[in-house]
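Understanding the architecture of this molecule
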Amino acid sequence: KFLTDPNSNGSVWNLITDNNALGGEALRAPPGALVDLGSGPHDALAVYDIEFEQPGTYTAYYRVRGFSTGMDSFYTPTDFNVNPDVNQDFSENGVFEWIQGQTFVVGGAQVGVPLEFRIGKREQIADFDAFVLHLNSSLSDAQLDGLFSPLVGDLDGDGFVGINDLNIVLANWNQSVPPGDPLADPSGDGFVGIDDLNEVLGNWNAGTPPNATANIPEPATVGVLAIAGLA
């Protein structure tokens, strides 16, 4: 992801630290007047490079926060590789919320190809925490939040807790590791032992096996594309 300044006024999206953001960080629109695309260029753009692993119609979800009637909107795109021009309004109560945006059709020729997804400043001091592109068009707030919560015991990151994860624990058994090592120490105590084994066994067979199909793709596939902060 990169931040651009199309009108060259030195104004770009700012990275802020906030415990209420899913990744602990969010982007904040720079101060200044409302951006009117009818009378000038974009003021500040946040540009994401993304790739898809399967074609389909994806619904956009945005996690955002506004603070007043003059700080509660930004511009979203209608397609990939184009500047955003849709006025996306949201709440002004200072609380992060999920809102649903447009749909995006990904054709076979676009699978595996880098695509730009651009978000633009409209009003100042509006916060942008995360976005999701998903094949399911009716996800709840809890389901969307869950996409950013790792599956406990899924040490190899394939979206499923099984034999591979157990083998990772056993291969590091009785070893000290950096506290919170995500690969072998799911208990976070800096030592691979019974607590870590229990984390894996306690979620055994949770998730979706890598070779299985599901109506709602797991986060490990790009039936889901979820991005938080600078991730």
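No experiment lies behind these values; they were computed from the predicted model shown. Along each chain, residues carry numbers from 1 onward, in the same order as the chain's sequence is written. It should be noted that, the model being predicted, local features are given only for residues of pLDDT at least 70 and side-chain atom pairs only at 80 or more, the latter also being counted only at that level, while totals for whole chains, interfaces and linings use all residues. Only hydrogens and water are set aside; all other atoms, that is, all heavy atoms of the structure, feed into the side-chain values.

1. Describing the pattern of salt bridges
Defined as follows: Basic side-chain nitrogens of Lys or Arg form a salt bridge, by our definition, when they fall within 4 Å of a carboxyl oxygen of Asp or Glu. Secondary structure follows DSSP: runs of H or I at least 4 residues long count as helices, runs of E at least 2 residues long count as strands, and numbering of each begins at the N terminus. Working definition: with a 1.4 Å probe on protein chains only, accessible area under 20% of the residue-type maximum means buried, over 50% means exposed, and in between means partly exposed.
Within this structure, the stated rule accounts for seven salt bridges. Salt-bridge contacts for Arg28 lead to Asp127; the nearest nitrogen and oxygen are separated by 2.7 Å. Taken together, the positions of Arg28 in strand β3 (residues 25-28) and Asp127 in strand β10 (residues 127-134) put the pair 99 residues apart, joining distant regions of the chain. For Arg65, the salt bridge goes to Asp127, with nearest N and O atoms at 2.6 Å. Highlighted residues: Arg65 in strand β5 (residues 56-65) and Asp127 in strand β10, separated in sequence by 62 residues. Asp127 matches Arg65 in its accessibility class, with the two residues each being buried. Members of the salt-bridge network, linked through shared partners, are Asp18, Arg28, Arg65 and Asp127.

2. Details of the packing of aromatic side chains
Under the convention used in this document: Classification of ring pairs uses Phe, Tyr and Trp, with its six-membered ring standing for Trp, and accepts pairs whose centres are within 6.5 Å; under 30 degrees between planes counts as stacked, over 60 as edge-to-face, and the remaining range as tilted.
Enumeration according to the criterion identifies 15 aromatic pairs in this entry. When the centroid spacing of 4.6 Å and the interplanar angle of 55° are considered together, the rings of Phe52 and Tyr58 count as tilted. The same class applies to Phe52 as to Tyr58, namely buried. Residues Phe80 and Phe104 carry aromatic rings whose centres are separated by 5.4 Å and whose planes lie at 35° to one another, so their mutual orientation is tilted.

3. Some points on the environment of Gly107
Here Gly107 shows up in the loop between β8 (97-106) and β9 (115-121). On the basis of relative accessible area, Gly107 is assigned to the partly exposed category, the value being 26%.

4. A short note on the confidence of the model for the chain
This is how it is decided: Confidence per residue, as judged by the predictor, is encoded in pLDDT with a range of 0 to 100. Whether two residues touch is decided by their heavy atoms; if any such pair falls within 4.5 Å, the residues are in contact.
On average, residues of the chain score 85 in pLDDT, and 87% of them reach the 70 mark or higher. Of all helices and strands in the chain, the one with the weakest mean pLDDT is strand β11 (residues 224-228) (45), whereas strand β6 (residues 73-76) scores best (97). Ignoring residues within four places in sequence, the model shows residues 212-231, a span with pLDDT below 50, making 56 contacts including any to other chains.

5. A closer look at the packing of helix α2 (residues 163-171) against helix α3 (residues 194-202)
Rules: For helices, the fitted axis covers only the stretch in contact; all axes are lines through C-alpha atoms, and the angles between them, taken along N-to-C directions, range from 0 to 180 degrees. For this classification, under 35 degrees means roughly parallel, over 145 means roughly antiparallel, 65 to 115 means roughly perpendicular, and everything else is oblique. Ten residue types, Ala, Val, Leu, Ile, Met, Phe, Trp, Tyr, Cys and Pro, are classed as nonpolar, four, Asp, Glu, Lys and Arg, as charged, and the remainder, Gly among them, as polar.
The geometry of α2 relative to α3 is characterised by a closest axis approach of 10 Å and an angle of 180° between their N-to-C directions. When the interaxial angle is binned, α2 and α3 end up roughly antiparallel. For the pair α2 and α3, contact is made by Asp165, Leu166 and Val169 and by Asp196, Leu197 and Val200, respectively. Among the residues making up the contact of α2 with α3, the classes are represented as four nonpolar, no polar and two charged.

6. A closer look at α2
What counts here: Relevant arc is that of directions from the helix axis to the C-beta atoms, nothing else.
Turning to α2, its buried residues number three or more, namely Asp165, Leu166, Ile168 and Val169. Viewed along the axis of α2, the buried residues span an arc of 155°, placing them on a single side of the element. Against α3 lie the buried residues of α2.

7. Remarks on α3
Those residues of α3 that fall on the buried side of the exposure criterion are Asp196, Leu197 and Val200. Mapping the buried residues of α3 onto a view down its axis gives an arc of 100°, with all of them on the same face. Buried residues along α3 sit against α2.

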